[in-house]
Amino acid sequence: NDNTVDVNYKLCVFNRGRGLTKVIKEKHKMRYFFLPELDFMLKLCGFRVLRHLNRLSLRKGPAENSWSALIVAQKD
């Protein structure tokens, strides 16, 4: 499966005396997963999924438009 996205980073390096001294730009191709894929992979590895959470709020989730999640799993 090709669930990938290009993530662009821009890092600005500052020096107290000279100000901006360097700008570094990078692009990384990153693979993203959907919860059913992760649940399946965890099950294949002998884990039982206990809950899915929103990574930032730790509330039940994640939301449909979220790019991050936390999965709590236990090794059976």
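Scroll up to find the structure.
For every chain, the first residue of its written sequence is number 1, and the numbers climb from 1 along that sequence. In view of the model being predicted, local features appear only for residues whose pLDDT reaches at least 70, and side-chain atom pairs are presented and counted only at 80 or more, with totals across whole chains, interfaces and linings using the full set of residues. Only hydrogens and water are removed before side-chain values are computed, so all heavy atoms of the structure are retained for them.

Visitor: Explanation requested: the pattern of salt bridges in the structure shown.
Guide: Pairing is possible between side chains of opposite charge, provided their charged atoms come close. Salt bridges, as used here, are contacts in which a Lys or Arg side-chain nitrogen is within 4 Å of a carboxyl oxygen on Asp or Glu. One pass over the full model with this rule turns up 3 salt bridges. Lys 29 is paired through a salt bridge with Asp 6; the nearest N and O atoms lie 3.5 Å apart. Linking Lys 29 in strand S2 (residues 19-31) with Asp 6 in strand S1 (residues 4-15), this pair joins segments that are 23 residues apart in sequence. Note on classification: 1.4 Å probe, protein chains only; a residue is buried when its accessible area is under 20% of the maximum for its type, exposed when over 50%, partly exposed between these limits. Residue classification places Asp 6 among the partly exposed residues on the basis of a relative accessible area of 39%. Notably, a salt bridge pairs Arg 48 with Asp 76, separated by 3.2 Å at the nearest N-O pair. Within this pair, whereas Arg 48 is found in strand S3 (residues 47-53), its partner Asp 76 is found in the segment after strand S4 (70-75), the two being separated by 28 residues in sequence. A run of H or I in DSSP becomes a helix once it reaches four residues, and a run of E becomes a strand once it reaches two; helices and strands are each numbered from the N terminus.

Visitor: Looking at this model, I keep getting lost on the pairing of S1. Mind explaining?
Guide: On a regular strand, one side chain projects to one face of the sheet and the next to the other, so that they alternate. The criterion for strand pairing is that DSSP finds at least two bridges linking the strands in question. Sheet topology note: the S1/S2 ladder contains 12 bridges and is antiparallel. The residue of S2 that forms the bridge with Asn 8 is Lys 27. Between S1 and S2, which pair antiparallel and follow one another directly, the connecting turn spans 3 residues.

Visitor: Got a minute to help me understand the packing of aromatic side chains in this structure?
Guide: Aromatic rings in a pair are described by how distant their centres are and how their planes are angled relative to each other. A pair of aromatic rings is counted whenever rings of Phe, Tyr or Trp (Trp by its six-membered ring) have centres within 6.5 Å, and the orientation is called stacked for planes under 30 degrees apart, edge-to-face for over 60 and tilted otherwise. Considering all chains together, one arrives at 1 aromatic pair under this definition. Note on Tyr 32 and Phe 34: the rings are 5.7 Å apart at their centroids and 80° apart in plane angle, and the pair reads as edge-to-face. Taking the relative accessible area as the measure of exposure, Tyr 32 reaches 26% and is therefore partly exposed. Phe 34 gets classed as partly exposed once you look at its relative accessible area, which sits at 46%. In this structure, Arg 31 packs its charged tip against the face of Phe 33, placed 4.2 Å from the ring centre. Charge-over-ring contacts are defined here by two conditions on Lys NZ or Arg CZ: a distance within 6 Å of the ring centre and an angle within 35 degrees of the ring normal.

Visitor: Just to check I follow, could you spell out the environment of Gly 19 for this structure?
Guide: Among the secondary structure elements, Gly 19 is positioned in strand S2. Between two residues, a contact is recorded if the distance between any of their heavy atoms is within 4.5 Å. Contact partners of Gly 19, with chain neighbours within four places excluded, come to Val 13 and Phe 14.

Visitor: It is not clear to me how the side chain of Asn 3 should be interpreted in this structure. Could you clarify?
Guide: Structurally, Asn 3 can be placed in the segment before S1. Overall, Asn 3 belongs to the buried group, its relative accessible area being 12%. Apart from the residues lying within four places of it in its own chain, the contact partners of Asn 3 are Met 30, Arg 31, Tyr 32, Phe 34 and Glu 37.

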